[in-house]
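Notes for the structure review
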Amino acid sequence: TPAQAFSGGQAFGDFQKKLSDFDATQLVEILPNFHNIDFRLSNLDIAIKENKAGRVTEVQDVLTYIFDRKEQMRTILKMGNKGKLPLRITHNDTKFNNVLLDMQDNVQCVIDLDTVMSGYVAYDFGDAIRTIINSAAEDEEDLSKVILNIPLYEAYAQGYLSEAKDFLTPNELESLLHGVFLLPYMQAVRFLTDYLNGDTYYKIQYTTHNLVRTHAQLKLVQELELHQGKLANILTDSISL
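Conventions and cut-offs
- Residues numbered from 1 in each chain as written.
- Predicted model: local features only at pLDDT ≥ 70, side-chain atom pairs only at ≥ 80, totals over all residues.
- Heavy atoms only, no water.
- 1 Å grid on protein atoms, 1.4 Å probe; cavity = no way out; pocket = protein on both sides within 12 Å on 5 of 7 lines; lining within 4 Å.
- Points joined across faces, edges and corners; volume = space filled by probe spheres on them.
- Nonpolar A, V, L, I, M, F, W, Y, C, P; charged D, E, K, R; others polar.
- Helix = DSSP H or I, 4+ residues; strand = E, 2+ residues; numbered from the N terminus.
- Axes fitted to C-alpha atoms, helices over the stretch in contact; angles between N-to-C directions.
- Left-handed = near helix turned anticlockwise from the far one by under 90°.
- Contact = heavy atoms within 4.5 Å.
- Patch = residues over 30% accessible without salt bridge, like charges linked within 9 Å, V, L, I, M, F, W, Y side chains within 5 Å.
- Areas by Shrake-Rupley, 256 points an atom, 1.4 Å probe, with all protein chains shown as cover.
- Salt bridge = Lys/Arg side-chain N within 4 Å of Asp/Glu carboxyl O.

Right, let's talk about the layout of surface pockets for a bit. As a volume, the largest pocket reaches approximately 390 Å³. Forming the boundary of the largest pocket are 17 residues, of which Phe-34, Asp-93, Arg-130, Gln-187 and Arg-190 lie nearest the centre. Looking at the lining of the largest pocket residue by residue, the class counts come to 6 nonpolar, 5 polar and 6 charged. Roughly 230 Å³ of internal volume is contained in the second largest pocket. For the second largest pocket, the lining is made up of 14 residues, of which Glu-29, Asn-33, Ser-118, Gly-119 and Tyr-123 are closest to its centre. Considering each element in turn, the lining of the second largest pocket owes the most residues, 3 residues, to strand S4 (residues 117-119).

Moving on: the packing of helix H8 (residues 170-196) against helix H10 (residues 228-240). H10 packs onto H8 with a crossing angle of 145° between their chain directions and a minimal axis gap of 11 Å. Note on packing geometry: the crossing formed by H8 with H10 is right-handed. Note on element contacts: H10 touches H8 through Gln-228, Leu-231, Ala-232, Leu-235 and Ile-239, opposite Leu-173, Leu-176, Leu-177 and Phe-181.

This brings us to a nonpolar patch on the surface. Together, Val-28, Ile-30 and Leu-31 line one region of the surface with nonpolar side chains, adding up to about 260 Å² of accessible area. Tracing the backbone shows Ile-30 in the loop between helix H1 (2-18) and helix H2 (37-50).

Below, the discussion takes up the environment of Val-116. In this fold, Val-116 is placed in the loop between strand S3 (107-110) and S4. Once residues within four sequence positions are removed from consideration, Val-116 is found in contact with Phe-15, Leu-27, Ile-30, Ile-89, Thr-90, His-91 and Asn-92.

As a further point, take empty space enclosed by the protein. In this structure the tally under the stated criterion is 1 cavity of 30 Å³ or more. Approximately 30 Å³ is the volume found for the largest cavity. If you go around the largest cavity, the residues you meet are Gln-72, Met-73, Thr-75, Ile-76, His-178, Phe-181 and Leu-182. Sorting the residues of the lining of the largest cavity by element identifies helix H4 (70-73), helix H5 (75-81) and H8 as the ones contributing at least two each. When residues in the lining of the largest cavity are grouped by element, the largest group, 3 residues, is from H8. Residue composition of the lining of the largest cavity, grouped by class: 4 nonpolar, 3 polar and no charged.

What follows is the structure, given as structure tokens:
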């Protein structure tokens, strides 16, 4: 519900706020390059060249869609490399079931801390939005069902920014929307890479499962692109609340 989404946003915003003065370099990088899009695209390039499962020719349209957006999706990484974004303590697994709420939907705490390490706040924000804004399952075959739940996006953004806006820099605030686009795109790259490698990482239930997941994530990216202006306005309005 929107009330739950607001509370989830509060939870992760408060988590980052309480750790905002912690030196992120003191933490071990548990999963190196976890949200590094250059690393993920490099893995995809290797999978294309090796073509272990002989599937490259069947996904040319998907590859074109991905590579057409490559530079756009490198925005957060480029901002970070230029020193425009500070490294923060990030959760790195901000799906909604990693927030505990009470029976009245009030935040109790954030859980599942095994992936906590340094990163950029937009990664956490983008992954949370990826998991709540999609009205369909992550492996939905009927792409017409992959549409945006804008009220949940707005509620989460308001909850998150109610806690985080006071410590975030202007560049970090700008980066949040880039994170919303990046995380489903990156997940699609990871699913497709595994499909080309013969499904060695993600568990699958049928032969094309990873390809179906890829299409569903890219349909989400497409929906986000269609509503980019509205999503940006919601973020701007949420900052000013």
